Amino acid sequence: MSQTANTAIAVIGIDIGKNSFHVVGHDARGAIVLRQKWSRGQVEARLANIPPCLIGMEACVGAHHLSRKLASLGHDARLMPAKYVRPYSKGQKNDFNDAEAIAEAVQRPTMKFVATKTAEQLDLQALHRVRERLVSQRTGIINQIRAFMLERGIAVRQGIGFLRTELPTILATRTDALSPRMLRVIEELAGDWRRLDQRIDGLSGEIEALARQDQACSRLMTVPGIGPIISSAMVAAIGTGDVFSKGRDFGAWLGLVPKQISTGDRTILGKISRRGNRYLRVLFVQAALLQAFTPWVERRRLRHHDHSQHCAFAAKVAADTGSSARNR
């Protein structure tokens, strides 16, 4: 690239790959003046030689790290959800067309951007993702133990606590229903269960310690029903919440508000949209279930189904928490 071409670049769209990056640059009039494929090692070196400009990328794996690097070089790096970029794609699907669509989308004044995560946020997010995977594995083991025993006519009351309490007694006394081989299989599964419990407890303790040391998490925990797990997951996902203009926008981003399909004078509200961060949405619904008998919920109980009022209460808690996140 010549120096003349460099100074003409006003906007750059980068389609991020594992090893190769497709780059499309526009000048101030919107004409394409750069269209190249760079390796991962070339990106920072080449952009360091370009005057500060607006750079758009899709929010994906590796995008937050690159966004911080480009910001340190003086560029205005912005991340966007991939689904908001898709309408700007023209022609067939390829990497250069994707980069061009990103360059078009990042210039829109109404585009919704994703805040760049800090290294600390990514660390906290990693802890939550590992914990979520371990909890899912533990649930699978528990369901498998229940199924094996139910096939032998042994039913245990629903709930992880009941199975944890009764399993040792069942393994010791129900040798008439469980064969030696099945006893060994269930004992090995119980051992896996105990090991997962230890890892989950260790991660939960680390997350709680980090949450109590963080000022943003401590402020969120002042909201009723919000503890260290939810507050830290929320800080890892949205930081200070600057991307939301009000708390209810956070609840809508989580997918806890009704899906709207309206036209003309007809307003049709359906089930919750289930958009956004699934992990956070599950945590807020669980928090709502733990507070199922608050006065606000009781007033709605006579008019709405339990599932509906639990989701409504989760949306209310999310809105209150989102407002608290923005109060600095």
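Residues numbered from 1 in each chain as written. Predicted model: local features only at pLDDT ≥ 70, side-chain atom pairs only at ≥ 80, totals over all residues. Heavy atoms only, no water.

## Structural notes on the pattern of salt bridges
And then number 1: Within this structure, the stated rule accounts for 12 salt bridges.
And then number 2: Close ionic contact of Glu151 with Arg152 constitutes a salt bridge, the shortest N to O distance being 3.4 Å.
And then number 3: Arg152 gets classed as partly exposed once you look at its relative accessible area, which sits at 32%.
And then number 4: Taking the shortest distance from any N to any O, the salt bridge between Arg184 and Glu188 comes out at 3.6 Å. Of this pair, Arg184 and Glu188 both sit in helix 8 (residues 180-213), four residues apart, roughly one helical turn.
And then number 5: Overall, the relative accessible area of 44% leaves Glu188 in the partly exposed class.
And then number 6: Among the ionic contacts, a cluster of salt bridges with common partners joins Arg138, Arg164 and Asp197. (Salt bridge = Lys/Arg side-chain N within 4 Å of Asp/Glu carboxyl O. Buried < 20%, exposed > 50% of the residue type's maximum accessible area, 1.4 Å probe, protein only. Helix = DSSP H or I, 4+ residues; strand = E, 2+ residues; numbered from the N terminus.)

## A short note on helix 5 (residues 95-105)
Every α-helix winds through 3.6 residues per turn, so residues three or four apart in the chain are directed the same way.
And then number 1: Of all the 11 residues making up helix 5, eight are buried; the element is thus mostly covered by neighbouring parts of the structure.
And then number 2: The set of residues buried in helix 5 consists of Asn97, Asp98, Ala99, Glu100, Ala101, Ile102, Ala103 and Ala105.
And then number 3: Tucked into the core, helix 5 has its buried residues touching strand 1 (11-15), strand 2 (20-26), strand 3 (32-39), strand 4 (54-58), strand 5 (76-80) and helix 4 (82-85).
And then number 4: Looking at where helix 5 begins, the residue whose side-chain oxygen comes 3.2 Å from the main-chain nitrogen of Phe96 is Asn94. (Contact = heavy atoms within 4.5 Å. Polar contact = N/O pair within 3.5 Å; in protein donor to acceptor, adjacent residues only side chain to side chain.)

## Description of the pairing of strand 3
And then number 1: Pairing analysis gives seven bridges linking strand 2 to strand 3, with the strands arranged antiparallel. Looking at strand 3, one finds that Val24 is bridged to Arg35. (Pairing = 2+ DSSP bridges.)

## Some words on the side chain of His26
And then number 1: Within the secondary structure layout, His26 lies in strand 2.
And then number 2: If sequence neighbours within four positions are ignored, His26 has contacts with Ala8, Ile9, Ala10, Val11, Ala31, Ile32, Val33, Glu100, Ala103, Glu104 and Gln107.

## With respect to the packing of helix 7 (residues 160-173) against helix 8
And then number 1: For the pair helix 7 and helix 8, interaxial distance at closest approach is 12 Å and the crossing angle is 140°. The angle between helix 7 and helix 8 falls in the class oblique. Helix 8 is crossed by helix 7, and the crossing has left-handed handedness. Residues Ile160, Leu163, Arg164, Leu167 and Leu171 of helix 7 form the contact with helix 8, whose participating residues are Leu183, Ile186, Glu187, Ala190, Trp193 and Asp197.
And then number 2: Of the residues that constitute the contact of helix 7 with helix 8, the class distribution is eight nonpolar, no polar and three charged. (Axes fitted to C-alpha atoms, helices over the stretch in contact; angles between N-to-C directions. Parallel < 35°, antiparallel > 145°, perpendicular 65-115°, else oblique. Left-handed = near helix turned anticlockwise from the far one by under 90°. Nonpolar A, V, L, I, M, F, W, Y, C, P; charged D, E, K, R; others polar.)

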